[in-house]
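Close look at the chain arrangement
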Amino acid sequence: MSTFFKRFGRLWQNILITKYPFLLIDESQDTNKNLIEALFSVEKQFEGRFALGLIGDMMQRIYLDGKPDLGLASIPDYWKRPTKKLNHRCPTRVVSLINKIREQSDNQLQVARSDAIKGHVRLFVFKHNTNNKNAAENLVRKKMASLTKDKLWMGDDSSVQTLTLEHHMAAQRLGFTDLFEPLYQVSKIKTGIIDGTNTSLSFFSKLILPLHNAFLENDKFTIARIIKKNSLLFVKSILKENTKQLELIEQARKATARLFDLWKSGNDPTLLEILQEVYSSSLLPIPDPLSLIAQRSESDLELISDAKAEETDTDEIIDAWDKSLNAPFSQIKLYSMYTEDEAQIDTHQGVKGREFPRVMVILDDDSDRGRLFSYDKLFGVKPLSKTDEKNISEGKESGFDRTLRLFYVTCSRAKESLAIVAYSEEPELLAENVIKNGWFSEAEVEIKDRNCTQQ
């Protein structure tokens with residue numbers, strides 16, 4: 001059997017090098033380590049017949065399944081090692097900042113373009129328990145607009161790219177927490193909730209939302225098209241069996257009108273109200289688990305309420321939807337904007353490879369539930385853990401390393417100006433440390449109190 005697998009492996013290797021004698025891997029720092037090691041083996045075995053090239057930056061490695069030692073030390077001696085030194089994106093001040101960050105890692109310095117602007121960098125430090133973080137960040141926008149003489153810092157939400165550490169932090173700032181938070185906690189559906197592919201959420205964002213938008217624009221053609229394409233009343237089998245098709249059309253018209261009545265007089269109906277209306281009229285198909293919830297009777301609701309009161313185990317997905325469906329429909333539009341990259345807010349990890357004129361980076365350890373990163377440790381406010389120290393002494397990756405790389409990625413997105421908003425237990429110590437380390441000058445650091453007024 002082992003001989004078979006060896007022959008089979010050699011067959012695939014020969015197919016690979018014959019079809020692709022030159023293979024370049026972009027973002028190699030985040031390519032799965034097993035794939036990288038397999039390609040290294042092929043390159044070594046077929047040296048001279050197969051050329052492998054790696055394009056990437058180890059300081060921008062953000063995924064944990066990449067090859068951690070893919071730096072120069074793990075590259076064979078006979079490989080060429082060209083480096084990209086010219087930074088085409090960032091202004092000179094941002095380049096000097098990311099070079100300073102990089103000094104603590106591989107010390108590969110970059111140079112700004114000869115025609116690059118100087119740009120602006122500022123660090124604003126707030127107490128971690130600041131009472132209104134949205135107000136704090138609006139204050140930062142105002143300060144940056146004044147400093148840079150760039151009114152777009154105070155423009156609409158599309159003018160400044162805000163980077164948060166986790167998706168739930170974005171939900172808080174955009175205003176769709178009631179919808180997002182319960183579903184985000186369920187690991188089975190978390191990925192689909194984050195990227196907008198969950199079928200139950202798509203029922204609202206890809207079907208009800210376009211219907212509502214067409215209703216607001218009095219676009220009767222689009223309304224008719226969406227209903228005809230999706231309505232259960234217009235399934236081909238039903239139309240063939242029903243000789244009174246005009247009655248079906250009238251039934252669909254009345255059901256659509258009742259649905260739109262939920263928004264009368266500026267009302268913002270809950271998702272549950274919309275779901276129940278759609279179910280009662282059989283207007284549109286409802287995906288699981290929403291169909292299970294829509295079918296409940298009053299007695300079912302009483303039994304569920306009693307079960308929860310007695311802490312009886314319930315399906316966690318259904319339980320999460322029970323909470324999320326109480327959110328107002330307006331949160332669906334905000335959620336849809338976020339998942340479609342229309343909200344100008346993203347996570348630190350998700351923004352890699354992109355660039356923006358104005359960037360505001362939010363550093364908030366208290367809101368980081370994954371605990372893979374710690375900016376307070378990076379800035380010397382908290383000591384390294386024993387595990388961090390052990391990993392560093394053994395040459396392994398630590399939380400400090402991950403946070404340093406993430407900070408580098410976020411700062412290097414800025415094309416003109418960069419504002420960093422840090423929430424910390426000890427703002428004064430954080431400010432003192434970053435100035436002492438040469439990351440920022442005294443003039444570039446501002447400490448704010450928890451009520452968003454200057455100290």
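Rules of the game
- Residues numbered from 1 in each chain as written.
- Predicted model: local features only at pLDDT ≥ 70, side-chain atom pairs only at ≥ 80, totals over all residues.
- Heavy atoms only, no water.
- Axes fitted to C-alpha atoms, helices over the stretch in contact; angles between N-to-C directions.
- Helix = DSSP H or I, 4+ residues; strand = E, 2+ residues; numbered from the N terminus.
- Parallel < 35°, antiparallel > 145°, perpendicular 65-115°, else oblique.
- Contact = heavy atoms within 4.5 Å.
- Nonpolar A, V, L, I, M, F, W, Y, C, P; charged D, E, K, R; others polar.
- Pairing = 2+ DSSP bridges.
- Buried < 20%, exposed > 50% of the residue type's maximum accessible area, 1.4 Å probe, protein only.
- Core = buried A, V, L, I, M, F, W, Y, C linked by side-chain atoms within 4.5 Å.
- Salt bridge = Lys/Arg side-chain N within 4 Å of Asp/Glu carboxyl O.
- pLDDT = per-residue confidence, 0-100.

1. Details of the packing of helix α6 (residues 177-184) against helix α15 (residues 316-324)
- Close contact between α6 and α15 brings their axes to 8 Å; oriented N to C, the two are set at 170°. Classified by the interaxial angle, the pair formed by α6 and α15 is roughly antiparallel. Contact residues: α6 offers Asp178, Leu179, Pro182 and Leu183, while α15 offers Ala320, Trp321, Lys323 and Ser324.
- When its residues are assigned to classes, the contact of α6 with α15 shows 5 nonpolar, 1 polar and 2 charged.

2. Observations regarding the sheet that holds strand β8 (residues 356-364)
- Strand order in the open sheet made by the 6 strands is β7-β6-β8-β9-β5-β10, with parallel pairing throughout. Strand pairing shows two members of the sheet lacking a second neighbour, β7 (345-347) and β10 (445-448), which therefore form its edges. Each strand axis lies, on average, 20° off the axis of its neighbour in the sheet, ignoring direction.
- Bridging between strand β6 (residues 161-164) and β8 involves 3 bridges; their strand directions are parallel. Directly across from Gln161, in β8, lies its bridge partner Val359.

3. Comments concerning helix α5 (residues 167-174)
- Counting buried positions over the 8 residues of α5 gives 7, a clear majority of the element.
- All buried positions along α5 are accounted for by His167, His168, Met169, Ala170, Ala171, Arg173 and Leu174.
- Directly beyond the C-terminal end of α5, a positive phi value near 100° is found at Gly175.

4. A few points about the nonpolar core
- Membership of the largest hydrophobic core comes to 55 residues, with the highest contact counts inside it found for Leu97, Leu123, Phe379, Phe407, Leu418, Ile420 and Phe440.
- Going through the elements one at a time, α3 (92-102), β5 (120-127), α4 (133-148), β8, α17 (375-378), α19 (399-411), β9 (414-424) and α20 (427-436) are the ones with two or more residues in this core.
- Residues within four places of Leu97 in sequence aside, it is in contact with Val121, Cys411, Leu418, Ile420, Trp439 and Phe440.
- One finds Ala214, Leu283, Ile318 and Ala320 within the second-largest nonpolar core, a separate group that totals 52 residues.

5. As for unusual backbone geometry
- Each neighbour pair has its own omega, and for Asp288 with Pro289 the value is 0°, a cis peptide bond.
- Along the chain, Pro289 falls in the loop between α12 (271-281) and α13 (290-294).
- With a phi close to 50°, Glu27 is a non-glycine residue in the positive phi region.
- By secondary structure assignment, the location of Glu27 is in the loop between β1 (22-26) and α2 (33-45).
- The class of Glu27 is partly exposed, set by a relative accessible area of 32%.
- Look at Lys149: it is not a glycine, yet its phi comes out positive at around 60°.
- By the secondary structure assignment, Lys149 is in the loop between α4 and β6.
- What makes Lys149 exposed here is its relative accessible area of 71%.

6. Let's talk about the side chain of Ser324
- Within the secondary structure, Ser324 is located in helix α15.
- Among all residues touching Ser324, those that are not within four sequence positions of it are Asp178, Leu179, Pro182, Leu183 and Leu271.

7. Brief notes about the pattern of salt bridges
- Under the counting rule described, the total for this entry stands at 26 salt bridges.
- Salt-bridge contacts for Asp346 lead to Arg354; the nearest nitrogen and oxygen are separated by 2.9 Å.
- Given the relative accessible area of 8%, Asp346 is considered buried.
- A network of salt bridges, in which partner residues are shared, links Arg61, Glu397, Arg402 and Arg405.

8. Quick word on the confidence of the model for the protein
- For the protein, mean pLDDT is 87; residues scoring 70 or higher make up 89% of the total.
- Across the protein, element-level confidence peaks in β9 with a mean pLDDT of 97 and bottoms out in helix α14 (residues 298-309) with 47.
- Scored below 50 in pLDDT, residues 299-313 shows 7 contacts in the model against residues more than four places distant or in partner chains.

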